[in-house]
Amino acid sequence: MLDNLTLDQMRVFAAVAEAGSFRAGAQRLHRVQSAVSHAISNLESELRVQLFDRSVYKPTLTAAGRSLLAEVRAVLAKVDGLRARARELEEGLEIVLSIAVDTMFPLHILAQALRETHARFPSVDVRIEYASMGGTVDALLTKRCMVAVAVLDWQDDRLTRQFVMPLTTVAVVAPGHPLSRLPRKLPEQQHLLSEHFQIVLEDKSQLTRGKDFGVLSPRTWKVDDMHVKLALLRAGVGWGTMPRWLVEADLKARTLIQLPASALGPGGEANYHAYLSHRTDQALGPAARAFASGLAQATTRGASPRKSSKRAS
């Protein structure tokens with residue numbers, strides 16, 4: 001029964017219902033009134049219901065017409081969305097935006113950038129790979145991801161690099177840990193640090209195999225997630241370095257204490273740069289460019305500049 005339904009009939013029905021009369025609907029559609037009346041009659045015949053009450057001077061929607069109008073509008077919205085999506089794909093819009101993000105990068109900044117990207121391109125799906133050290137660069141080199149927010153200072157002609165924001169790490173320990181009672185200035189400080197477990201991030205990629213960054217203790221626990229590392233540090237298992245943005249609340253609440261690990265930097269602080277990277281042989285699509293723009297705006301609103309130095313675990 002419904003095989004002969006057409007989108008044109010549904011658009012005419014919606015136009016007449018919204019305009020309030022057949023004449024106004026015809027004017028909106030730039031058609032003669034007889035063509036509009038014919039389209040409505042054909043639609044009523046296909047649906048086997050009366051959409052308009054014509055017994056009055058000004059045709060009005062019947063109860064069935066009011067009910068079906070919502071369904072018709074939903075169908076038309078789906079069709080319009082399909083056409084818009086097809087145009088976007090023709091223009092190179094990504095079906096999926098795959099992003100590798102370093103675990104040191106502030107997640108609230110990432111979320112703001114992705115919120116703005118989604119607002120502009122709601123049809124694009126997003127896949128995020130959360131990685132440490134060389135993992136973000138490896139995701140680009142192996143083409144697992146289109147773009148990466150990387151912190152590893154890796155020079156490669158196959159990759160572009162655009163500065164995003166500075167980052168700072170701090171050496172921390174739980175209040176009950178023996179290191180929390182160390183004097184702020186102590187010549188043997190590094191020796192004492194090496195006597196305790198250090199919680200460090202492990203790089204799953206092959207790019208930094210056999211290399212340690214900011215590791216002072218021969219006794220280490222290795223994890224591949226920054227939040228697992230944070231949980232262990234809060235529990236007093238060992239000491240380690242963390243992004244300042246992630247432990248700022250802990251430092252204020254004294255659930256973590258900053259260690260004066262001068263071997264890592266003044267006061268136990270070290271500074272780095274975050275970069276937005278992509279492969280030089282793959283141009284960024286509209287969604288990736290929107291993400292880059294959103295990232296720049298989000299960092300301007302939510303970060304303060306700091307200097308850069310080498311990478312830590």
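Residues numbered from 1 in each chain as written. Predicted model: local features only at pLDDT ≥ 70, side-chain atom pairs only at ≥ 80, totals over all residues. Heavy atoms only, no water.

**Q** Teacher, can you tell me more about the nonpolar core here?
**A** Note on soluble globular proteins: their nonpolar side chains tend to be buried together. Among the nonpolar cores identified, the biggest contains 44 residues, and Phe 105, Val 172, Met 242, Val 247, Leu 276, Phe 291 and Leu 295 are the most heavily contacted of them. Residue contributions to this core peak at seven residues, all from helix H10 (residues 286-302). Not counting the four nearest positions on each side in its chain, Phe 105 is found in contact with Leu 110, Val 149, Val 164, Met 165, Leu 167, Trp 245, Ala 274, Leu 295 and Thr 299. Listed in part, the 16 residues of the second largest apolar core include Met 10, Val 12, Ala 14 and Leu 76. (Core = buried A, V, L, I, M, F, W, Y, C linked by side-chain atoms within 4.5 Å. Buried < 20%, exposed > 50% of the residue type's maximum accessible area, 1.4 Å probe, protein only. Helix = DSSP H or I, 4+ residues; strand = E, 2+ residues; numbered from the N terminus. Contact = heavy atoms within 4.5 Å.)

**Q** Looking at this structure, I do not really get the pairing of strand E5 (residues 147-150). What am I missing?
**A** The two faces of a sheet get side chains in turn, since along a regular strand they alternate between them. Covered by surrounding structure in E5 are Val 147 and Val 149 together with Ala 148 and Ala 150, the residues of both alternating faces. Inspection of the sheet shows E5 paired to strand E11 (residues 269-279) by four bridges, in the antiparallel sense. The residue of E11 that forms the bridge with Val 149 is Leu 276. (Pairing = 2+ DSSP bridges.)

**Q** What should I look at first to understand the packing of helix H1 (residues 7-19) against helix H2 (residues 22-29) in this one?
**A** Any two packed helices are characterised by the angle at which their axes cross and by the distance between the axes. For the pair H1 and H2, the least separation of the axes is 8 Å and the interaxial angle reads 120 degrees. As summarised for this structure, H1 and H2 are arranged oblique, according to the angle between their axes. Handedness of the crossing formed by H1 with H2: right-handed. Across from Val 12, Ala 15, Val 16, Glu 18 and Ala 19 in H1, the residues of H2 making contact are Phe 22, Ala 24, Gly 25, Arg 28 and Leu 29. For the contact of H1 with H2, the residue count by class is seven nonpolar, one polar and two charged. (Axes fitted to C-alpha atoms, helices over the stretch in contact; angles between N-to-C directions. Parallel < 35°, antiparallel > 145°, perpendicular 65-115°, else oblique. Left-handed = near helix turned anticlockwise from the far one by under 90°. Nonpolar A, V, L, I, M, F, W, Y, C, P; charged D, E, K, R; others polar.)

**Q** What's the story with unusual backbone geometry in this structure? I'm lost.
**A** Leaving glycine out, the prevailing phi sign among residues is negative, and the prevailing peptide bond configuration is trans. One non-glycine residue with positive phi stands out, namely Met 133, at about 50 degrees. Along the chain, the position of Met 133 falls in the loop between strand E4 (125-131) and helix H6 (135-141). Among the residues examined, Met 133 registers a relative accessible area of 3% and is labelled buried. If you check the backbone angles, Lys 143 has positive phi at about 65 degrees while not being a glycine. Checked against the element boundaries, Lys 143 lands in the loop between H6 and E5.

**Q** Help me out: how do you make sense of helix H3 (residues 33-47) in this one?
**A** Since the α-helix packs 3.6 residues into each turn, any two residues three or four apart lie on the same face. Across its 15 residues, H3 extends 21 Å between first and last C-alpha, which sits within 8% of the 21 Å expected from 1.5 Å per residue. One or two residues past the end of H3 sits Arg 48, with phi positive at roughly 60 degrees. (Expected span 1.5 Å × (residues − 1).)

**Q** Would you mind showing me how to read the pairing of strand E3 (residues 96-102) here?
**A** Among the seven residues in E3, six count as buried, and that is most of the element. In the sheet, E3 pairs with E4 via seven bridges, with the strands oriented parallel. Bridging across to E4, Ile 99 finds its partner in Ile 128. Crossover connection from E3 via helix H5 (residues 107-120) to parallel E4: handedness right-handed. (Right-handed = clockwise from strand over helix to strand, strands pointing away.)

**Q** Help me out: how do you make sense of the side chain of Thr 168 in this one?
**A** With respect to the secondary-structure elements, Thr 168 resides in strand E6 (residues 159-173). Classification of Thr 168 by relative accessible area gives buried; the value is 6%.

**Q** What is the right way to look at the packing of aromatic side chains in this model?
**A** Note on aromatic pairs: each is described by the distance of the centres and the angle between the planes. Throughout the structure, instances matching the rule amount to three aromatic pairs. Each ring, one from Phe 13 and one from Phe 52, has its centre 5.8 Å from the other, and the planes form 85 degrees; the classification is edge-to-face. One end of the pair, Phe 13, is in helix H1; the other, Phe 52, is in strand E1 (residues 52-53), and 39 residues separate them in sequence. Under the relative-accessibility criterion, Phe 13 is labelled buried at 0%. Measuring from centroid to centroid gives 5.7 Å for Phe 197 and Trp 221, while their planes differ by 55 degrees, and the two rings are tilted. Taken together, the positions of Phe 197 in the loop between helix H7 (189-193) and strand E7 (198-201) and Trp 221 in strand E8 (residues 220-223) put the pair 24 residues apart, joining distant regions of the chain. Given a relative accessible area of 28%, Phe 197 falls into the partly exposed group. Residue classification places Trp 221 among the partly exposed positions, given a relative accessible area of 37%. Members of the aromatic cluster, joined through ring pairs, are Phe 13, Phe 22 and Phe 52. Stacked on the ring of Tyr 275, the Lys or Arg Arg 161 has its end atom at 4.0 Å from the ring centre. Its end group placed over the ring of Phe 197, Arg 219 keeps NZ or CZ at 4.4 Å from the ring centre. (Phe/Tyr/Trp six-rings, centres within 6.5 Å; stacked < 30°, edge-to-face > 60°. Lys NZ or Arg CZ within 6 Å of the ring centre and 35° of its normal.)

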